[in-house]
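# Descriptive structure summary
What follows is the residue order along each chain.
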Amino acid sequence: MTVLSKASLFDPELVTDLVNKVKGKSSLAILTQQTPVPFNGSKEFTFSMDQDIDIVAENGKKTHGGIAIAPVTIVPIKVEYGARVSEEFMFASDERKIEILKAFNEGYALKLARGIDLMAFHGINPRTKTASTIIGDNSFDGKVTQMVDFDKTNPDANIEAAVGMIQGSEGTVTGMAMDPVMSAALAAMRTRDDARVFPELAWGANPGSINGLTADINNTVSGGGDDLVIVGDFANMFKWGYAKEIPLEVIPYGDPDNSGEDLKGHNQVYLRSETFIGWGIMDSTQFSRVIKPKVEA
């Protein structure tokens, strides 16, 4: 079966709107800075300097401080989302088409934001919720081995222990992604006088920071794994980005989603968009996770 298609690109305004919506819904987009990723990938270099700076006296001898270079390759992967809309789209005025595209753009942004988290946190295909061979171990679940078992009687201590693991290796903590289960556990904590320890988390609130630490509460943290908290140096040790050209395909014929229903026979057209996204964890020791304890068989 031949599927005719008409390909174009989202205009810059829609791309900007898409990215802004993603930034508001993805924990990783909130906690990190994204940079454009070329289609053929990029390499990020981190330098490990073992010694502190050295004072050199006049005419004194200089000594070697030591350095190691650890490149991380960021290769973008392609993700797609498609949806059927009424055939009216093909005959609508330009104003009406823009309205439909904006609605599609808004829905796609929500799915893209959630997908970025699920892929980079857990290494899964967002649609199937199964491990992706394309992603491999390029995820927090795949690379971050510093873990703390969740204890609901003292969730604050769990996070302190996770932070301590990073600081113990002279790392920096810049942000935290938290599942609503952990947020609810913290919100339930009371002092001896029955005052809330974390009043900013009451009633499912997402305040943006907790104890001065940038934080985001999102069910994507546990969406494909056992994580309840991921904490670490998101500002410097995690990089992500997307290729700016985002194609939009309008398919008027055939069965492009393999649903068994012909588009023309149901007075529909199919909108499909694709995005190239890449990410990399520069140093996994700069992150730690609070996880659900494994249940003994």
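Sequence order sets the numbering: in each chain, residues are counted from 1 along the sequence as written. Predicted model: local features are reported for residues with pLDDT of at least 70 only, side-chain atom pairs are reported and counted for 80 or more only, and whole-chain, interface and lining totals are derived from all residues. Only hydrogens and water are set aside when side-chain values are computed; all heavy atoms of the structure are taken into account.

Buried and open spaces are told apart on a 1 Å grid over the protein atoms alone, a cavity being a set of points where a 1.4 Å probe fits but cannot get out and a pocket being an open set with protein on both sides within 12 Å along at least five of seven lines. Residues with an atom within 4 Å of a point are the lining residues. Grid points are joined across faces, edges and corners, and a volume is the space filled by probe spheres set on the points. All told, the structure shown has 1 cavity of 30 Å³ or more when counted by the stated rule. Taken as a whole, the largest cavity encloses approximately 70 Å³ of empty space. What lines the largest cavity is Leu18, Val19, Val22, Leu112, Ile116, Trp240, Tyr242, Ile246, Thr275 and Ile277. Where helices and strands are cited, they refer to DSSP runs of H or I of at least four residues and of E of at least two residues respectively, numbered from the N terminus. Secondary-structure elements contributing two or more residues to the lining of the largest cavity are helix H1 (12–25), helix H4 (94–122), strand S10 (238–242) and strand S12 (268–281). If you tally residues by element for the lining of the largest cavity, the top one is H1, at 3 residues. A per-class count over the lining of the largest cavity returns 9 nonpolar, 1 polar and no charged. Amino acids outside the nonpolar list (Ala, Val, Leu, Ile, Met, Phe, Trp, Tyr, Cys, Pro) and the charged list (Asp, Glu, Lys, Arg) are all regarded as polar, and Gly is one of them.

Planes of paired rings set the category: under 30 degrees apart is stacked, over 60 is edge-to-face and the rest tilted, where pairs are Phe, Tyr or Trp rings (Trp by its six-membered ring) whose centres lie within 6.5 Å. Across all of its chains, the model carries 6 aromatic pairs by this definition. Taking 5.1 Å as the distance between ring centres and 70 degrees as the angle between the ring planes, the aromatic pair formed by Phe234 and Phe287 counts as edge-to-face. Of this pair, Phe234 sits in helix H8 (residues 234–237) while Phe287 is found in strand S13 (residues 287–291), placing the two residues 53 residues apart along the sequence. For every residue, the accessible area obtained with a 1.4 Å probe (protein chains only) is divided by the maximum for its type, and the residue is called buried under 20%, exposed over 50%, and partly exposed between those limits. Note on Phe234: relative accessible area 0%, which makes it buried. One aromatic cluster is present, formed by Phe121, Phe140, Phe234, Phe238 and Phe287 through successive ring pairs.

Bringing the side chain of Gln146 into the picture now. Mapping Gln146 onto the fold places it in the loop between helix H5 (140–143) and strand S5 (147–149). For this analysis, a polar contact is any N or O atom pair within 3.5 Å, provided that within protein one partner can donate a hydrogen and the other can accept it, and provided that sequence-adjacent residues contribute only side-chain to side-chain pairs. Here Thr285 takes part through its backbone oxygen, which lies 3.1 Å from a polar atom of the side chain of Gln146. Residue contacts follow a heavy-atom distance rule, with two residues in contact if any of their heavy atoms lie within 4.5 Å. With residues near it in sequence (within four places) discarded, Gln146 still touches Met165, Ile166, Thr285, Phe287, Ser288 and Arg289.

Before going further, it helps to examine H4. Spanning 29 residues, H4 covers 41 Å between terminal C-alpha atoms, matching the ideal 42 Å at 1.5 Å per step. Where H4 terminates, the next one or two residues include Gly123, which has phi positive at roughly 70 degrees. By this rule the span expected of a helix is its residue count minus one, scaled by 1.5 Å.

With that settled, consider the side chain of His122. If you trace the backbone, His122 turns up in helix H4. Looking at His122, its side chain comes within polar contact range of the side chain of Asp141, at 2.8 Å. Setting aside anything within four residues of it in sequence, one finds His122 in contact with Asp117, Ser139, Asp141, Thr220, Val221, Ser222, Gly223, Gly224, Gly225 and Asp227.

Moving on, we get to the sheet that holds strand S6 (residues 175–178). Two strands make a pair as long as DSSP finds a minimum of two bridges between them. Ordered in space as S5-S13-S9-S6-S8-S7, the 6 strands form an open sheet in which the pairing is mixed. The open sheet terminates on both sides in strands that have one partner only, identified here as S5 and strand S7 (209–210). Fitted lines through C-alpha atoms serve as axes, helices being fitted only where they are in contact, and the angles separating the N-to-C directions of these axes extend from 0 to 180 degrees. On top of the sheet, helix H6 (residues 155–167) reaches S5, S6, strand S9 (227–232) and S13; it is set at about 155 degrees to S13, its chief contact.

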